[in-house]
Structures are given as structure tokens and as C-alpha cells.
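# A closer look at the structure
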Amino acid sequence: MQPNEIAEILNRPMSRELLARDLTRLAYVAKDGTPRSIPIAFTWNGSEIVLCTAKNAPKLHALRANPMVALTVDTESHPPKILLIRGRVELDVVDGIPDEYLQMNGSYEMTPEQRVEWEAEVRSLYDGMVRIVVTPTWAKLIDFETTLPSAVEELVRRRAEREHS
């Protein structure tokens, strides 16, 4: 998929809405060769998805060995809106708490007092973090109105062919 095609998909209004959500599901291959899919907070900076994790997180060993990942951001309502992204990870070890980590946790429902307590806890726990930066290499938006999963698109096409023959 070409970068301009990826950008066109990620700049659609529904994609931008999904990229403003709190959580994505990160899929990767663990060191033992088995798949993993985990919910993780994220932020979109306009060209990359940034996730943050502890410097001792087991997923970092797997991502160093195989930096290819898949992400899913979706809604809970019907019809679902689904943004699928594949990409390559770069790991960036940083001192302190990355701004993205504080931003990505900004939309959870917290009172101002809870927010102060949460941030103090985070700052006392982590001496640094790892920014997991995903550069999209493929993207698909499924809204079940204008776009469908490819298998469903094929079934719709087959049905139309049967009805017209």
C-alpha cells in the first residue's frame, strides 16, 4: 500500500474519530512464536501511533525480534466502526514520562483530583518508559456503510452476480 493511500484512509473523518479514542489492540508475535493481542492506550500524532510501556515489559523483547505489528481501534456500537492498521515499530527508550503517555490517558473519566493522584503515582513508579512508535504501512477503515470486510464484499458481489444471471 502506498503512503498516499494510507494517508487518505487515516485522514477520513471516521478514521480521525477512531484515532482520537483511548485504546487500541496491539497484536504482535511473542518470543515463543505465539500471537498476542493486548489493549493499550495510544495517541496519534498525525503520522505515527505512539504507545508507551514500562522499560521491563515482556512485549519489548518480542518487538525487538519482530517489529511488525497490527492495531485495531473500534467502537462498541452497532454498526461497528473499525480501523485496522499494520505497521513497523521503532522503540525509543526515554527518561521520565513521555508527554504522549500523559496525553493518551487524558480522556479517561477522572476528576481533577484523581488526575493529580494518578499523575503523581505514575511519576513515582516509572523512572523512564519506552515509546513504541508505529509507522503505518497499511490501513483499512470498515464502517459497514461505505466499506465492508473484504470477505463480506466478496459475498455481496457474488450475491449480486447470482441475482443478475
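Now for a quick tour of the structure. What you see is a predicted model; the values in this text were computed from it and never measured.

The rules behind each value
For every chain, the first residue of the written sequence is number 1, and numbering continues from 1 onward in sequence order. Owing to the predicted nature of the model, reporting of local features is limited to residues with pLDDT of at least 70; listing and counting of side-chain atom pairs is limited to 80 or more, with chain, interface and lining totals taken over all residues. As a rule here, side-chain values come from all non-hydrogen atoms in the structure, and water together with hydrogens is ignored. In this scheme, a residue with accessible area under 20% of its type's maximum is buried, one over 50% is exposed, and one in between is partly exposed, where area comes from a 1.4 Å probe on protein chains only. Helix and strand definitions follow DSSP, with helices as H or I runs of at least four residues and strands as E runs of at least two, each counted in order from the N terminus. When DSSP finds two or more bridges between two strands, those strands count as paired. Nitrogen and oxygen atoms within 3.5 Å of one another constitute a polar contact, given that in protein one can donate a hydrogen and the other can accept it, and given that sequence-neighbouring residues count only through two side-chain atoms. The contact criterion used is simple: two residues touch if any of their non-hydrogen atoms lie within 4.5 Å. Take the buried residues of types Ala, Val, Leu, Ile, Met, Phe, Trp, Tyr and Cys, join any two whose side-chain atoms come within 4.5 Å, and each joined set is a nonpolar core.

### Brief notes about the pairing of strand 7 (residues 128-142)
- In terms of burial, strand 7 is a largely internal element, twelve of the 15 residues being buried.
- Here six bridges tie strand 4 (residues 49-54) to strand 7, and the two strands are oriented antiparallel to one another. Along strand 7, the bridge assignment pairs Ile 49 with Val 134.

### Thoughts on the side chain of Glu 100
- Topologically, Glu 100 is positioned in helix 4 (residues 99-104).
- A polar atom in the side chain of Glu 100 sits 2.9 Å from the side chain of Arg 131.
- Setting aside its immediate chain neighbours within four residues, Glu 100 contacts Thr 43, Val 50, Cys 52 and Arg 131.

### A closer look at the sheet that holds strand 5 (residues 68-74)
- Taking strand neighbours across the sheet as the criterion, the seven strands line up as 2-1-5-6-7-4-3 in an open arrangement whose pairing is antiparallel. The open sheet terminates on both sides in strands that have one partner only, identified here as strand 2 (35-41) and strand 3 (43-44).
- In the sheet, strand 5 pairs with strand 6 (residues 82-95) via seven bridges, with the strands oriented antiparallel. Residue pairing across strands places Val 69 opposite Gly 87, the latter belonging to strand 6.

### Digging into unusual backbone geometry
- Residue Pro 79 is reached from His 78 by a cis peptide bond, and omega for that bond is -5°.
- If you trace the backbone, Pro 79 turns up in the loop between strand 5 and strand 6.

### Details of the nonpolar core
- Grouped together as the largest cluster of nonpolar side chains are 26 residues, with contacts concentrated most on Ile 49, Leu 51, Leu 83, Ile 85 and Val 134.
- Looking at which element gives the most residues to this core, the answer is strand 7, with five residues.
- Once residues within four sequence positions are removed from consideration, Val 134 is found in contact with Glu 48, Ile 49, Leu 51, Val 69, Leu 71, Gly 87, Arg 88 and Val 89.
- Listed in part, the eight residues of the second largest apolar core include Tyr 101, Trp 118, Val 122 and Met 129.

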